[in-house]
Amino acid sequence: MSRKTQKINFESSIAELEKLVEKMEGGEFSLEESLKQFENGIALARSCQQALREAEQKVFQLTTDEQGSAQLTPFEPSEES
């Protein structure tokens, strides 16, 4: 996924989550619909949290050299990720 697409998805997810919270706080849903939207909100929040974790890891990772000195280096994702 490209950075631009990831940013748009993150930002649109946050915006959707904010709208959902406003509607739920305003009592716009029935109980059944509120539960359904709550589950949707949890999924959106988890998706946003994952995107933030991935972004943090891409910035820097702490590595230790042979002498035991800690260094911050740019994060390079492994092929496993």
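Provided above is the structure to which this section pertains.
Since the structure is predicted, the reported quantities are computational estimates derived from the model, not experimental observations. Every chain begins its residue count from 1, and numbering advances along the sequence as written. For a predicted model such as this one, the threshold for reporting local features is a pLDDT of at least 70, and the threshold for listing and counting side-chain atom pairs is 80 or more; totals across whole chains, interfaces and linings nevertheless cover every residue. Heavy atoms throughout the structure, all of them, feed into the side-chain values; hydrogens and water do not.

A. Structural view of the overall build of the chain. Counting its secondary structure elements, the chain contains two helices and two strands. Along the chain, helices and strands appear, N-terminal first, in the series α-α-β-β. Taking all 81 residues of the chain together, 14% fall into the buried category. Every residue pair with non-hydrogen atoms within 4.5 Å of one another is taken to be in contact. Excluding contacts between residues fewer than 6 apart, the proportion of contacts in the chain whose partners are at least 24 apart in sequence is 30%. A helix here means a DSSP run of H or I that spans at least four residues, while a strand means a run of E at least two residues long, and both kinds are numbered starting from the N terminus. For every residue, the accessible area (1.4 Å probe, protein chains only) is compared with the maximum for its type, and the residue is labelled buried under 20%, exposed over 50%, or partly exposed between those bounds.

B. View of the environment of Gln50. By secondary structure assignment, the location of Gln50 is in helix α2 (residues 31-59). Judged by its relative accessible area of 35%, Gln50 falls in the partly exposed class. For the pair Gln50 and Phe10, spaced 40 residues apart in sequence, the C-alpha separation works out to 9.8 Å. What qualifies as a polar contact is a pair of N or O atoms within 3.5 Å, subject to a donor-acceptor requirement within protein and to the restriction that residues adjacent in sequence count only when both atoms come from side chains. Side chain to side chain, Gln50 and Glu54 meet in a polar contact 2.9 Å long.

C. Examining a nonpolar patch on the surface more closely. Like charges are joined within 9 Å and nonpolar side chains (Val, Leu, Ile, Met, Phe, Trp, Tyr) within 5 Å, but only among residues with over 30% relative accessible area and no salt bridge; these make up the patches. Accessible surface area values rest on a Shrake-Rupley calculation with a 1.4 Å probe, where residue burial reflects the displayed protein chains alone. Whenever a carboxyl oxygen of Asp or Glu lies within 4 Å of a side-chain nitrogen of Lys or Arg, that contact is scored as a salt bridge. A grouping of Met24, Phe38 and Ile42 is seen on the molecular surface, where their side chains present a nonpolar patch of about 240 Å² in accessible area. Checked against the element boundaries, Phe38 lands in helix α2. For Phe38, a relative accessible area of 45% corresponds to the partly exposed category.

D. Local environment of a negative patch on the surface. Judged by side-chain charge, Glu18, Glu22, Glu25 and Glu28 come together as a negatively charged surface patch. Among the residues examined, Glu25 registers a relative accessible area of 66% and is labelled exposed. Note on charges: Lys and Arg go in the positive column, Asp and Glu in the negative column, and His and the chain ends are not counted at all. Note that the charge is assigned to NZ on lysines, CZ on arginines, CG on aspartates and CD on glutamates.

E. Looking closely at the side chain of Ser34. When you line up the elements, Ser34 lands in helix α2. According to the relative accessible area criterion, Ser34 is buried, its value standing at 18%. Setting aside its immediate chain neighbours within four residues, Ser34 contacts Met24 and Phe29.

These figures capture arrangement, not role.
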